[in-house]
Amino acid sequence: MGPKSPSHNLKKEIINVSGKTNAWACSFFVHVGLYGTAIAYTVTSAISMRAIQKSNCYHREGHEAACEYSDTYYMLIFGAVQLILSQAPDFHNIQSLSVIAAVMSFAYSFIGFGLGVAKVIGNGFVMGSFSGVSTTTSIEKMWLVAQALGDIAFAYPYSLILIEIQDTLKSPPPANQTMKKASTMSIITTTIFYLFCGGFGYAAFGDNTPGNLLTGFGFYEPYWLIDLANAFIVIHLVGGYQVYSQPIFAHFEKWICEKFPENGFLNNEFFLKPPLMPAFRWNPLRLCFRTVYVVSVTAIAMSFPYFNQVLGVIGGVIFWPLTIYFPVEMYFKQMNIEAWTRKWVMLRVFSYVCFIVSTFGLVGSIQGIISAKLS
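Residues numbered from 1 in each chain as written. Predicted model: local features only at pLDDT ≥ 70, side-chain atom pairs only at ≥ 80, totals over all residues. Heavy atoms only, no water.

- Looking up the protein in an unreviewed UniProt entry gives the name Amino acid transporter transmembrane domain-containing protein, with the organism given as Citrus sinensis.
- UniProt, in the comment section headed Subcellular location (unreviewed entry), describes the protein in these words: "Membrane". (UniProt positions renumbered as here; feature names shortened; annotations may be inferred.)

Next up, the structure:
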């Protein structure tokens, strides 16, 4: 029915090291993260599609025009596309998907960075301050800091599919060595991009910096370049949605088919030949479950279409358990680190501090969603 899900690989890895309880807990957070990422991608894609229409409107009518459009329509379009793509039985085998996503990501990141640099040069000075965005109260400042921490936590979601990627690598050299080099390079590269884009964006607009430089209309011209960047984002997220959703499909479908191996509704596949199109395989379970999945993701995204706050909540939920806690616990077991040694104490303190920071980011992002919903 599909590839092994990351929870399958994570359970095998963690059961060998930390036992079944930790394995199930880790699997739970992985699936929450994958599902949450699909919601975030739906929100982001809709905002980018709306930004293309707004950009063209501002170009035609002027920057003061009332170019306001709803996200709902674009979320429904994105959801409809995902309904179709989700039914592809071998979508996970399209190797070019990762290449296209990487190219799109670099492309819109370079455009955002370039527009920020150009704006700073055009201004002739650097806006903003070392204290960050100005607020009227210290409480408001605290919540904004918390939301920012949640967004930063979400900025490195690769931990959700780290073991899945490692499971596809061939040896020699050992997969863990290859993955260590790849992780180091990817973290350095993405951190540099984040710092440059975020730094120059703030330097360009100061307190008026939009949450998303390419959709918040800090930039109006050249409108075609902004349209292109947002189109790259949408293309990236159309494929990214499937990258993060296919493991959920694989895990659930594998589990229920093994539980009911004689059930024809779950296990039988049929061939359908539409006019003027090649034949394709379809399965009733795949049709029903994946449709419900996409519809639920789209419905939640439509209910909470708040870009920064949604990212912050997801980051706050998954960052500490998947990126900090479980790796640290596995390291203790694998390396036989004794309690109360210097390394044990340092890693424990590190884990606890990250837990506090993640919780702070989660609470602040939830507060942001509630405030946005009630405003």
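## Concerning the state of the cysteines
Here is step 1 of the chain: Taken as a whole and judged by the stated rule, the model has 1 disulfide.
Here is step 2 of the chain: Paired by a disulfide, Cys-57 and Cys-67 hold their sulfur atoms 1.9 Å apart. Disulfide Cys-57 to Cys-67: torsion about the S-S bond roughly -70°, handedness left-handed. Here the residue Cys-57 occupies a position in helix H2 (residues 20-61), and Cys-67 occupies one in the loop between H2 and helix H3 (72-86), the gap between them amounting to 10 residues. Each of the two residues, Cys-57 as well as Cys-67, counts as buried. (Disulfide = S-S within 2.5 Å. Helix = DSSP H or I, 4+ residues; strand = E, 2+ residues; numbered from the N terminus. Buried < 20%, exposed > 50% of the residue type's maximum accessible area, 1.4 Å probe, protein only.)

## Considerations on the environment of Thr-209
Here is step 1 of the chain: You can see Thr-209 is positioned in the loop between helix H7 (175-205) and helix H8 (223-259).
Here is step 2 of the chain: A relative accessible area of 27% means that Thr-209 is categorised as partly exposed.
Here is step 3 of the chain: In this structure, the C-alpha to C-alpha distance between Thr-209 and Gly-198, residues 11 residues apart in sequence, is 9.4 Å.
Here is step 4 of the chain: A polar contact of 2.6 Å, which involves the side chain of Thr-209, links it to the backbone oxygen of Gly-206. (Polar contact = N/O pair within 3.5 Å; in protein donor to acceptor, adjacent residues only side chain to side chain.)

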